[in-house]
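Chain by chain, the residues run as shown.
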Amino acid sequence: MRRISILGSTGSVGRSTLAVVDAFPDELSVAGLAAGGNVELLAEQVHRYQPELVSVRTREDATRLRGMIPAKTEIVCGADGACDVASLASADAVIAAIVGAAGIPPVHAALRAGKRVGIANKEVLVAAGDVMTRTAHEHGGEILPVDSEHNAVHQALRCGTHPEVERIILTASGGPFLRRELSTFDDITIDAALAHPTWKMGNKISIDSATMMNKGLEVIEAHHLFGQPAEKIDILIHPQSIVHSMVEFVDGSIIAQLSTTDMKFPVQYALLYPERVPAPFGRLDLAKIRTLDFLPVDPERFPAVGLAYQACRTGGSMPAVLNAANEIAVERFLAGELPFTAIVDIVRRVLDRHAGSVAAIGTVDDALHWDRWARNEARGIDVAVRR
Ligand code: MG
């Protein structure tokens with residue numbers, strides 16, 4: 001029996017993780033849950049999975065939750081509470097699905113406690129990848145990618161050694177605006193940007209998919225996870241999202257991973273690796289799908305991709321700044337403060353301002369420092385919304 005903790009249990013990946021627990025009752029059980037403000041759903045989860053420890057965002061939420069769940073489940077709160085859940089002694093593995101930079105301290109705590117961490121929160125690796133991989137190495141922790149592309153790459157890499165890798169090929173759906181007329185990008189509404197064609201996801205990642213910043217962040221994530229330079233990580237648009245990513249080896253062989261588009265696949269892989277077990281999450285019928293399309297990325301349509309490659313090559317604090325500026329720009333777009341195209345403009349301007357002061361990221365505090373700096377910069381940039 002593997003005991004697991006979930007950071008972000010009420011979100012989309014968190015709920016998929018609990019569905020995986022349901023599917024493998026003999027293999028998996030829940031030790032701890034951390035959630036944000038959705039106290040009602042968290043209370044339901046506690047009744048069903050009986051964790052020993054849960055964490056919520058605020059003291060008020062903790063008080064409310066206390067009245068809703070049995071006394072045997074301990075309740076903690078805030079950033080420290082999430083770290084307590086992440087490093088819980090009785091847990092073997094942690095699924096990290098807290099959105100954004102808030103996931104950095106708890107993932108670090110989990111790795112320092114020697115846990116296996118299934119990382120669905122790519123921002124953690126983008127902003128503090130060097131710290132996370134080093135901490136895992138020093139404390140016997142282990143990072144398994146839950147992001148579907150990196151999970152696919154992890155599987156494909158089992159076919160060869162590190163020096164045998166020619167390049168990693170991350171596939172991208174292209175999002176909702178792959179074929180939209182470029183001259184109309186300023187008129188993109190929030191609802192249109194949230195309507196992802198193949199994956200059901202949270203709001204932040206849906207907008208990142210529409211700008212393709214998501215894929216840019218994934219290039220940086222792949223760089224840290226697999227120890228490859230930006231030059232050996234390519235992006236290929238694949239609108240069907242059936243091939244989740246590929247690895248090309250030096251002999252010209254390309255190994256791809258295919259499955260239905262369901263986060264339960266990468267979650268169960270990360271939790272049960274290196275075993276493969278019969279899973280009930282759907283099968284592909286390739287004879288029905290018949291066609292798999294691939295096309296290159298248009299850099300004019302998706303300028304976010306170029307910015308991310310540039311940040312990856314620069315390294316140090318630049319990816320943390322990219323990530324934080326993007327988080328704020330997306331937040332401002334979702335609040336109706338910005339036109340769609342201004343998301344990338346804001347990120348570019350913050351990167352330009354940072355170019356002269358790029359620093360090494362040696363600790364979690366370094367990452368959080370530059371994260372805060374970039375957030376402030378991104379908040380302060382004035383952009384007029386055209387109505
Ligand atoms: Mg992904």
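Residues numbered from 1 in each chain as written. Predicted model: local features only at pLDDT ≥ 70, side-chain atom pairs only at ≥ 80, totals over all residues. Heavy atoms only, no water.

Right, let's get into the layout of surface pockets. When its volume is computed, the second largest pocket comes out at roughly 320 Å³. Taken together, 18 residues line the second largest pocket, and the ones lying closest to its centre are Phe265, Gln268, Arg276, Ala279 and Arg283. Of all the secondary-structure elements, those providing two or more residues to the lining of the second largest pocket are strand 11 (254-258) and helix 11 (264-272). If you tally residues by element for the lining of the second largest pocket, the top one is helix 11, at 4 residues. Classifying every residue of the lining of the second largest pocket by side-chain character gives 9 nonpolar, 6 polar and 3 charged. (1 Å grid on protein atoms, 1.4 Å probe; cavity = no way out; pocket = protein on both sides within 12 Å on 5 of 7 lines; lining within 4 Å. Points joined across faces, edges and corners; volume = space filled by probe spheres on them. Helix = DSSP H or I, 4+ residues; strand = E, 2+ residues; numbered from the N terminus. Nonpolar A, V, L, I, M, F, W, Y, C, P; charged D, E, K, R; others polar.)

If you look at the biggest cluster of nonpolar residues, it comprises 91 residues, and the most contacted ones within it are Ile104, Met132, Leu322 and Phe340. Take this core: its biggest share by element is 10 residues, from helix 14 (residues 318-334). Residues lining this core come from more than one domain, with at least three contributed by each of domain 1 (2-145) and domain 2 (151-314). The contact partners of Leu322, leaving out residues within four places of it in the chain, are Met213, Leu217, Ile220, Leu307, Ala308, Ala311, Val347 and Leu351. Counting residues in hydrophobic clusters, the runner-up holds 38 residues, among them Ile6, Ala97, Val146 and Met263. (Core = buried A, V, L, I, M, F, W, Y, C linked by side-chain atoms within 4.5 Å. Buried < 20%, exposed > 50% of the residue type's maximum accessible area, 1.4 Å probe, protein only. Domains from an automatic or database assignment. Contact = heavy atoms within 4.5 Å.)

With that settled, consider the environment of Ala270. By the secondary structure assignment, Ala270 is in helix 11. Remark: the alpha-carbon pair of Ala270 and Lys232, spanning 38 residues in sequence, is separated by 24 Å. Once residues lying within four places of it in the same chain are set aside, the contact partners of Ala270 are Arg116, Gly118, Leu144, Pro145, Val146 and Asn151.

On to the coordination of the magnesium ion. Around the magnesium ion, the protein supplies Asp147 (OD), Glu149 (OE) and Glu218 (OE) as donor atoms, at distances of 2.0 to 2.2 Å. Each donor residue of the magnesium ion lies on one chain, and together they are spaced D-x1-E-x68-E. Of the two residues, Asp147 and Glu149, both sit in the buried class. (Donors = N, O, S within 2.8 Å, 3.2 Å for Na, K, Ca; no water.)

In a regular helix each residue adds 1.5 Å, so 12 residues correspond to 16 Å; helix 1 (residues 12-23) covers 17 Å between its end C-alpha atoms and thus fits that length. Every buried residue belonging to helix 1 is among Val13, Gly14, Ser16, Thr17, Leu18, Val20 and Val21, and all of these are buried. If you follow the buried residues of helix 1, they end up packed against strand 1 (2-7), strand 2 (28-34), helix 2 (39-49), strand 5 (93-96) and helix 11. (Expected span 1.5 Å × (residues − 1).)

The subject of this paragraph is the pattern of salt bridges. Here the structure, examined in full by the defined rule, presents 20 salt bridges. Of the charged contacts in the structure, one is a salt bridge between Glu52 and Arg3, with a shortest N-O distance of 3.3 Å. One end of the pair, Glu52, is in the loop between helix 2 and strand 3 (53-56); the other, Arg3, is in strand 1, with 49 residues separating them in the sequence. Between Arg375 and Asp371 there is a salt bridge whose closest N-O contact spans 2.6 Å. One end of the pair is Arg375 and the other is Asp371, both in helix 16 (residues 364-380) and 4 residues apart, which spans about a single turn. Neither residue differs from the other here; Arg375 and Asp371 are each classed as buried. (Salt bridge = Lys/Arg side-chain N within 4 Å of Asp/Glu carboxyl O.)

Read these as layout, nothing more, since geometry by itself doesn't imply function.
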